[in-house]
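Reading the structure
So you can see what is in the structure, the chains are spelled out below.
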Amino acid sequence: MSDWEALLMGLLQGLTEYLPVSSSGHLTIASHLFGIDGESNLTFTIAVHVATVCSTLVVLWKEIVWIFKGLFDFGKPGLNAEQRYALNILVSMIPVGIVGVFFKDTVEAIFGSGLLVVGCCLLVTALLLTFSYYARPQAKKEISLRDAFVIGLAQAVAVLPGVSRSGSTIATGLLLGNDKAHLARFSFLMVIPPILGEALLDVIKGVKDGTSAAVGDISLSALVVGFFAAFVSGCLACKWMINLVKKGKLVYFAVYCALVGAILLVSHFC
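These lines cover the structure that appears in this document, whether it is placed above or below. (Residues numbered from 1 in each chain as written. Predicted model: local features only at pLDDT ≥ 70, side-chain atom pairs only at ≥ 80, totals over all residues. Heavy atoms only, no water.)

Description of the layout of surface pockets
- Counted as a void, the second largest pocket has a volume near 440 Å³.
- Breaking the lining of the second largest pocket down by element, the ones donating at least two residues are α4 (61-71), α5 (81-102) and α10 (180-189).
- Taken together, the residues that form the lining of the second largest pocket break down as nine nonpolar, four polar and six charged. (1 Å grid on protein atoms, 1.4 Å probe; cavity = no way out; pocket = protein on both sides within 12 Å on 5 of 7 lines; lining within 4 Å. Points joined across faces, edges and corners; volume = space filled by probe spheres on them. Helix = DSSP H or I, 4+ residues; strand = E, 2+ residues; numbered from the N terminus. Nonpolar A, V, L, I, M, F, W, Y, C, P; charged D, E, K, R; others polar.)

Right, here's the structure in full:
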């Protein structure tokens, strides 16, 4: 992988991880268009995913500090606000954890199914974003445990290439009536443990398969370029996405996903 290819893949990963257009779907499209196969290079895949986690930590550092300050405060009976928030994140991780442990091979097989699956899943993302835009459920002040689990189910479905993780989780939360201002932050915070967990599993897999198989043909410079490209673009996309959710403008991404999905389907059958 050249430095320019690493730059492109890193920018794509950082932007599409937060924007509701599916990072996995766009990386698959880029692989077909430019002959770049970032997913097959384990080291690069881990690097850009960790970079997006770092961008979340930077953008949402106040929320993270707030959680940890109250997480171990057991001075009063019952759970405080910080502990309830952390519990919601923990509950939201259950579905994707089950998928990662028991259905990882199935998901990886779907990733190799080509652009037809990506096109269909992008259309699913478009439908979810459209429904969340026009639905008007009763507004809630806080995310409940039940809502956290349902949003976690949406995150588990989003392992499919073309189903946007941020789009599906935020749209599901909006359909459940959760507050826009808090929902985007929760959506981005809840993905930190699964991404780090997946990265750890990938590292273990790389060690078992052999270091050379994990590193592939990527140079150190390409690895650094890809990491920082994903980090910088991730910071920008994360801030932008939070503002877009507050303004309720996700329907524009629904149009984009529908167009790209339709193009992929037409190109497959024609």
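So that's the structure; there's more coming.
What to know about the packing of aromatic side chains
- Applying the stated criterion to the full structure yields six aromatic pairs.
- Ring plane angle 90° and centroid distance 5.0 Å describe the contact between Tyr-18 and Phe-188, whose orientation is recorded as edge-to-face. With Tyr-18 in helix α1 (residues 3-18) and Phe-188 in helix α10, the pair connects residues that are 170 residues apart, well separated along the chain.
- Judged by its relative accessible area of 0%, Phe-188 is buried.
- Measuring from ring centre to ring centre gives 4.9 Å for Tyr-133 and Tyr-134, while their planes differ by 90°; the resulting arrangement is edge-to-face.
- In this structure Tyr-134 comes out as exposed when scored by relative accessible area, which is 57%.
- Through pairs of rings, three or more aromatic residues link up here, namely Trp-66, Tyr-85 and Phe-186. (Phe/Tyr/Trp six-rings, centres within 6.5 Å; stacked < 30°, edge-to-face > 60°. Buried < 20%, exposed > 50% of the residue type's maximum accessible area, 1.4 Å probe, protein only.)

Overview of unusual backbone geometry
- At Ser-22, a position not held by glycine, the phi torsion is positive, near 80°.
- Summarising the element assignment, Ser-22 is placed in the loop between α1 and α2 (23-34).
- What makes Ser-22 buried here is its relative accessible area of 1%.

Looking at the packing of helix α7 (residues 115-134) against helix α14 (residues 251-269)
- Direction vectors running N to C along α7 and α14 enclose 155°, while the axes themselves pass 8 Å from each other. It follows from the interaxial angle that α7 and α14 lie roughly antiparallel. Crossing hand, α7 versus α14: left-handed. Of α14, the residues touching α7 (which contributes Leu-115, Leu-116, Val-118, Gly-119, Cys-120, Leu-122, Leu-123, Thr-125, Ala-126, Leu-129, Thr-130 and Tyr-133) are Val-251, Phe-253, Ala-254, Cys-257, Ala-258, Val-260, Gly-261, Ala-262, Leu-264, Leu-265, His-268 and Phe-269.
- Here the contact of α7 with α14 is built from residues that sort into 19 nonpolar, five polar and no charged. (Axes fitted to C-alpha atoms, helices over the stretch in contact; angles between N-to-C directions. Parallel < 35°, antiparallel > 145°, perpendicular 65-115°, else oblique. Left-handed = near helix turned anticlockwise from the far one by under 90°. Contact = heavy atoms within 4.5 Å.)

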